[in-house]
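# Observations on the model geometry
Take a look at the letters that make up each chain.
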Amino acid sequence: MAEKATKEKAGIRVKDPQKYEYAYMLYMQKVPQKEIAGRVGVSQQTLSKWKEDGCWELKRVARTVSRDQIINKTLMKINELLDSEEGFNGDEFAKLASQLEKIKAGYTLDDVADILTKFGDYIIERSASDKEITTGFVQLLTKYQDKYLLMRINNG
């Protein structure tokens, strides 16, 4: 309920918040818009409105720095602190170590969607050389990946 209120405050009114969240997640995974509309069960016009009203494109661009890149940069900064000839800055080190621990600790639904998308891409790529991977299998796999993500969205 709080999620819906947040969207309404931002000027976004949606009849089905689960479809909105699912479409957003697929968009962030760079799934083509026509495919998103079909998988989510909304018109392309609705999807375009959600994309525009929710500033999805800007949000997707903002995510170009990956979690792994942030971890690597934090580790490099920690290394610089440890190798510094100016003396050890314990406070800065503690802050960086704490941030690193928080970053590494959890994963989000976006992380799960990203992994499933990459796995789907891998399966499609393998289908060129593996005759056991049929179009029907890929469609069934995608269907169950979608069901899993929707279940995670609905159950939190």
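Residues numbered from 1 in each chain as written. Predicted model: local features only at pLDDT ≥ 70, side-chain atom pairs only at ≥ 80, totals over all residues. Heavy atoms only, no water.

## Describing the overall build of the chain
Across its full length, the chain carries nine helices and zero strands. Going residue by residue from the N terminus, the α and β elements of the chain occur as α-α-α-α-α-α-α-α-α. Looking at the chain as a whole, 24% of its 156 residues qualify as buried. If you take every contact in the chain between residues at least 6 apart in sequence, the share linking residues at least 24 apart comes to 55%. As displayed, the chain has an accessible area near 11,100 Å², and 54% of this comes from carbon and sulfur atoms. (Helix = DSSP H or I, 4+ residues; strand = E, 2+ residues; numbered from the N terminus. Buried < 20%, exposed > 50% of the residue type's maximum accessible area, 1.4 Å probe, protein only. Contact = heavy atoms within 4.5 Å. Areas by Shrake-Rupley, 256 points an atom, 1.4 Å probe, with all protein chains shown as cover.)

## Considering the packing of aromatic side chains
Under the definition given, this model contains five aromatic pairs. With centroids separated by 5.6 Å and ring planes inclined at 45 degrees, the aromatic side chains of Tyr27 and Trp56 adopt a geometry described as tilted. Residue Tyr27 is located in helix α2 (residues 17-28), and its partner Trp56 is located in helix α5 (residues 56-62); the two are separated by 29 residues in the primary sequence. Each member of the pair, Tyr27 as well as Trp56, carries the same accessibility label: buried. Site record: aromatic cluster; members linked through ring pairs are Tyr20, Tyr24, Tyr27, Trp50 and Trp56. (Phe/Tyr/Trp six-rings, centres within 6.5 Å; stacked < 30°, edge-to-face > 60°.)

## Focus: the nonpolar core
Ile36, Leu47, Trp50 and Trp56 are the most contacted members of the largest nonpolar core, which has 22 residues in total. Looking at this core, the elements with two or more residues in it are α2, α3 (33-40), α4 (44-53), α8 (109-126) and α9 (135-155). The greatest single-element share of this core, amounting to eight residues, is contributed by α2. Not counting residues within four places of it along the chain, the set of residues in contact with Ile36 comprises Ala23, Leu26, Tyr27, Val31, Gly41 and Leu47. Judged by nonpolar contacts, the second largest core, of five residues, contains Ile78, Leu81, Leu96 and Leu100. (Core = buried A, V, L, I, M, F, W, Y, C linked by side-chain atoms within 4.5 Å.)

## Structural notes on unusual backbone geometry
Of note, Lys30 is a non-glycine position whose phi angle comes to about 65 degrees, a positive value. Note on Lys30: relative accessible area 61%, which makes it exposed. One non-glycine residue, Cys55, lies in the positive phi region at around 55 degrees. Cys55 sits in the partly exposed class, given a relative accessible area of 41%.

## Some points on the confidence of the model for the chain
Detail in the predicted coordinates should be disregarded across regions flagged by low pLDDT. Averaged over all residues, the pLDDT of the chain equals 81, while 87% of them reach at least 70. For the chain, the element scoring lowest by mean pLDDT is helix α1 (residues 2-9), at 41; α3 scores highest, at 93. In this model residues 1-10 is a low-confidence stretch, pLDDT under 50, and it forms seven contacts with partners more than four residues away in sequence or in other chains. (pLDDT = per-residue confidence, 0-100.)

## Details of α2
When the terminal C-alpha atoms of α2 are compared, their 16 Å separation across 12 residues agrees well with the 16 Å that a helix rising 1.5 Å per residue should span. Where α2 is concerned, the buried positions are Tyr20, Tyr22, Ala23, Tyr24, Met25, Leu26, Tyr27 and Met28. (Expected span 1.5 Å × (residues − 1).)

## Here's the deal with the environment of Lys51
For Lys51, the location among the structural elements is in helix α4. With 28 residues separating them in the primary sequence, Lys51 and Ala23 have C-alpha atoms 9.1 Å apart. For Lys51, the residues in contact, after removing those within four places along its chain, are Tyr27, Gln33, Trp56 and Glu57.

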